[in-house]
Amino acid sequence: MSNLKETLKLNAFPWLMLTPCLVFLLLFLLVPLLLLFDQSLTNVDSLLNPLPGYSFAQYLIVFSEPQYRYALWTTLWVSLLTAVITVLLAWPAAWLLVSLKQRGLRTVLYVILISPLLTSVVIRTFAWIVLLAQNGLINGFLLFTGLIPQPLSLLWNMNAVVIAYVQVMLPFAVLPLITSLSDIAPSLRLAAMSLGATPAQTFRRVILPLTLPGMLTGFIIVFSLAAGSYITPLLIGGRLQPLLPIAIYQQAMQIANLPLAAALSLTLLVMTLAVAGVTGLFLKRWEKKNYGP
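Here the structure is a predicted model, which means the values were calculated and not measured. (Residues numbered from 1 in each chain as written. Predicted model: local features only at pLDDT ≥ 70, side-chain atom pairs only at ≥ 80, totals over all residues. Heavy atoms only, no water.)

A. Structural context of the environment of Leu258. As for its placement among the helices and strands, Leu258 is situated in helix H13 (residues 258-291). By relative accessible area, Leu258 is classed as partly exposed at 43%. For the pair Leu258 and Val174, spaced 84 residues apart in the sequence, the C-alpha separation amounts to 37 Å. Residues in contact with Leu258, not counting those within four places in the same chain, are Gln39, Gln251 and Ala252. (Helix = DSSP H or I, 4+ residues; strand = E, 2+ residues; numbered from the N terminus. Buried < 20%, exposed > 50% of the residue type's maximum accessible area, 1.4 Å probe, protein only. Contact = heavy atoms within 4.5 Å.)

B. View of the nonpolar core. If you look at the biggest cluster of nonpolar residues, it comprises 59 residues, and the most contacted ones within it are Val174, Ile236 and Leu264. In this structure Leu264 touches Val62, Tyr68, Leu244, Ala247, Ile248 and Gln251, once residues within four positions along its chain are discounted. (Core = buried A, V, L, I, M, F, W, Y, C linked by side-chain atoms within 4.5 Å.)

C. Structural context of the packing of aromatic side chains. By the definition in use, this model includes 6 aromatic pairs. Members of the aromatic cluster, each reached through a chain of ring pairs, are Trp91, Trp95 and Phe203. (Phe/Tyr/Trp six-rings, centres within 6.5 Å; stacked < 30°, edge-to-face > 60°.)

D. Quick peek at the side chain of Ser40. Counting through the fold element by element, Ser40 comes out in helix H1 (residues 2-40). The exposure class assigned to Ser40 is buried, which follows from its relative accessible area of 0%. A polar contact of 2.6 Å, which involves the side chain of Ser40, links it to the backbone oxygen of Phe37. Those residues within four positions of Ser40 in sequence are excluded, and the remaining contacts are Ser55, Gln58, Tyr59, Pro259, Ala262, Ala263 and Leu266. (Polar contact = N/O pair within 3.5 Å; in protein donor to acceptor, adjacent residues only side chain to side chain.)

Below, the structure written as structure tokens:
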């Protein structure tokens, strides 16, 4: 009996330690989500006055209006593109940081890597405006060297948004890859080469597959952040860009249509969770195939 009590105490201790965190998440995450869902089911009249009862009218607007369907597709496409480009650029950066033997140089590169996370997103975004504006540094350099006859329109388009996204979110893809690369034993690479594999074959068949968990983790993080980002596309791309975060802001703050803003927000949340879920399912199947159940 005493052993049973001790076992129950040991099993209950981690949950007791998690209690403050769980209470915090319940009050400031779950409850607001429930209130947001309740708000999204509210119907309004032509003057945006709430009507009694509940309906899915706001969701019908989201999926029937061409502008919101296009915004949903554009947000999905831009977020996927940003995540793929970021992971591709993060791989060589992570490899360099793991392979460096000079501790001082590695520390400097780590500081450079995480420096965007230490500055405000508004400051980073305005820095890109300084670079990409028609009288900015990039156009000034191209005009000075004679490569272009007139300034290029580098701002207020989706390409500029993707470039800014990638720079801001690169650390979120590099850090998981560093973890995956650090877990690979050097003996695996040496064993593959001793069995006759070329460096390219060793990379393709040994190193790259073992870093897949880090790549997919970084992909999920970057996609989620890009899908929900608002400041960067607004300042870099402009308020007319067809993205869901901008549409949510316009409905909530400018038009004051809170039910439609809530429906758009939950649609964005479901889309993000769906992509993260599919990616996580793919990762689990890959791990089960390679490492067994």
